[in-house]
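Descriptive analysis of the structure
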Amino acid sequence: MTDKEPSKKEKFRQETKEERRIKFKERRRKKAESKLVGFRQSTNYIDSTLTNESIYYIDLQSPKLRKVYPYFFTWITYAKERWYGRTIEDVFQHEFRRAILKQNFNDIIRNGLVRINGQCIEKNYIIKNGDKLEHFTHRHEVPVINQKFNILINNEDYLVIDKPCSIPVHPCGKYRFNTVLAILHYEYQLSNLRTVHRLDRMTSGILIMAKSAEKARAINFNADRLSTNGVDKLYLCRVRGEFPYINQIVRVDQPIETFSFQLGLTKIGGNKQCQTLFRHVTYEELKQQQEIYGKFIFDLINETNEKNIETVIDESLYKYTDQDETKTSLVLCRPLSGRMHQIRVHLQYLGFPIVNDPLYNAPDIWGPSNGQYGQYEHSNEYVIETFIKRHSCEYWLLNDIDNDDDETINLNGKRIVEQDEEHIHDDVKRIKTEELTIIDVNDDNAVKTYIKEHCFECLNRFREPSPDDLVMFLHALQYKISDVTTFTSSLPEWAQI
């Protein structure tokens, strides 16, 4: 007589916690391997008939910019715990203020542009756990640099490209199709890519993507660079002023904290330690290294064949305000950790920020010393508020409409009826009241027509960014994965100084 096969419950009870943990990790691994990742072409909240030709276009007046045709889009998110018990109006006013800044929220709710769980709701609806929020919009993406991707490696394991600046890696904020993953999908027919790491939108250089979960796990950008799967990273930048640490290596080990998640702003402070090594370099030296060794070398070797000793930072020297802003220098950067904007903030700390860094080379916002040695003359609130104004859509508005009759042009480029003087000078002008518009919320065409007719970006003209606005002199130059695997990019054009 054979023993009866134990049930699943009995098997579970017989297993140790460690055995269950191993099985759970294996199930997760198999699920990750089979899951499609990267850019998804068609979803139920975006036009599914889009093709490369119907998405991207190049304007003959600005051939250096890649543009995207406006399209209908539905923002979808699930209720977060901090939203529970709050009204939908309160959440939109505080969490998504920019999404409804130029619209009447009553109109948005009445015409079903904001829905919860697929149903139209009132503006005093109380959000609960599990609620699914949808916001129907007409989306206008920001132009990016029109530059072909330089594919460095494309084999069965990895895709490595030289990413142009101004293009984010994956969909975020004002970008969906003008992203690396979308462009690779539509123009290069490369999909199901796993991003091993990410680069800031304005940072150019090496971007590594794996073609399987196993290969993605084989590279760990958060591991110590000397570990078996760590990465030795090397960046090149061009900074403001004459970098004074010639034939020396300078180490910055100041902690960095994020003080605005909305804008992604960081500064010296907090308790998250991070370190970056810097040294001055010339274009000729880099070219020589490339020709002799086929790669770039950070360490300096002196005449006695000994590595140079790191120099000590003297905070009484090399003041930001004393530097000649007409001069620039090339600097090699080796981050020993991976905090957000680490290189940029540490260069700001030294008083030699990246010359065209829109965030960390702004003394009119940070204060006269521009945050050198962690000295900030202005408060966090002032810095955040000023950056929001500078990077808002109103900053790019063209107000060149003729002012006819007795109408006044407001900040949105729209005409308003003359008002009392104190109201005319308000930051936000009131548009001439329109007749109440109610549409059939179940008619998709009516909803789309209404959205387009009331689209703030369709109704106004904006000046385009110039190619120089979309370039920052920070480049991911080289990633050393192991003693036998090193990914190296070409030198950027701006390095020739």
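Rules used in this analysis
Residues numbered from 1 in each chain as written. Predicted model: local features only at pLDDT ≥ 70, side-chain atom pairs only at ≥ 80, totals over all residues. Heavy atoms only, no water. Pairing = 2+ DSSP bridges. Helix = DSSP H or I, 4+ residues; strand = E, 2+ residues; numbered from the N terminus. Contact = heavy atoms within 4.5 Å. Axes fitted to C-alpha atoms, helices over the stretch in contact; angles between N-to-C directions. Buried < 20%, exposed > 50% of the residue type's maximum accessible area, 1.4 Å probe, protein only. Phe/Tyr/Trp six-rings, centres within 6.5 Å; stacked < 30°, edge-to-face > 60°. Lys NZ or Arg CZ within 6 Å of the ring centre and 35° of its normal.

Identification of the protein chain as Pseudouridine synthase RsuA/RluA-like domain-containing protein from Rotaria sordida is taken from an unreviewed UniProt entry.

1. Digging into the pairing of strand β13 (residues 249-252)
Along any regular strand, the residues point their side chains to alternate faces of the sheet. Sheet topology note: the β13/strand β17 (residues 310-311) ladder contains two bridges and is parallel. Across the sheet, isoleucine 249 pairs through a bridge with glutamate 310, a residue of β17. Looking at chain direction, β13 and strand β16 (residues 276-281) are connected through three bridges and run antiparallel. Its bridge partner lying in β16, valine 252 is registered against threonine 276.

2. What about the sheet that holds strand β3 (residues 71-78)?
Two modes of strand pairing occur in sheets, parallel and antiparallel, and in both the strands are linked by backbone hydrogen bonds. As summarised here, the arrangement of the four strands in space is β3-β6-β4-β5, forming an open sheet in which the pairing is antiparallel. Edge positions in the open sheet fall to β3 and β5 (119-120), since each of these has one partner strand only. As paired strands, strand β4 (residues 114-116) and β5 are joined by two bridges and run antiparallel to one another. Within the sheet, the bridge partner assigned to isoleucine 116 lies in β5 and is glutamine 119. Strands β3, β4 and β6 (132-139) of the sheet are contacted by helix α13 (residues 444-453), whose axis makes an angle of about 60° with β6.

3. Let's talk about the side chain of aspartate 357
On the secondary structure map, aspartate 357 appears in the loop between α9 (342-350) and α10 (363-366). Taking relative accessible area as the criterion, aspartate 357 reaches 3% and is therefore assigned buried. Setting aside its immediate chain neighbours within four residues, aspartate 357 contacts Arg344 and Met472.

4. A word on helix α6 (residues 180-187)
Along an α-helix, residues three or four positions apart point the same way, because every turn accommodates 3.6 residues. Counting buried positions along α6 yields seven of eight residues, so the element is predominantly enclosed. Along α6, the positions that sit buried rather than exposed are Val180, Leu181, Ala182, Ile183, Leu184, His185 and Tyr186. Phi turns positive one or two residues past the end of α6, at glutamine 189, with a value near 55°.

5. Some words on the packing of aromatic side chains
Summed over the entire model, instances satisfying the criterion amount to 18 aromatic pairs. Look at tyrosine 71 and phenylalanine 177: their rings are 5.0 Å apart centre to centre, the planes differ by 75°, and that puts the pair in the edge-to-face class. With tyrosine 71 in strand β3 and phenylalanine 177 in the loop between β9 (158-163) and α6, this residue pair connects regions lying 106 residues apart in the sequence. Residue classification places phenylalanine 177 among the buried positions, given a relative accessible area of 1%. Note on phenylalanine 243 and phenylalanine 352: the rings are 5.5 Å apart at their centroids and 75° apart in plane angle, and the pair reads as edge-to-face. Separated by 109 residues along the polypeptide, phenylalanine 243 in the loop between β12 (232-240) and β13 and phenylalanine 352 in the loop between α9 and α10 bring together distant segments of the chain. Across the pair, exposure class does not vary: phenylalanine 243 and phenylalanine 352 are buried alike. Linked through ring pairs, Tyr71, Phe73, Trp75, Phe177 and Tyr186 together constitute an aromatic cluster. Across the ring face of phenylalanine 259, the terminal group of lysine 267 is positioned such that the distance to the ring centre comes to 5.5 Å.

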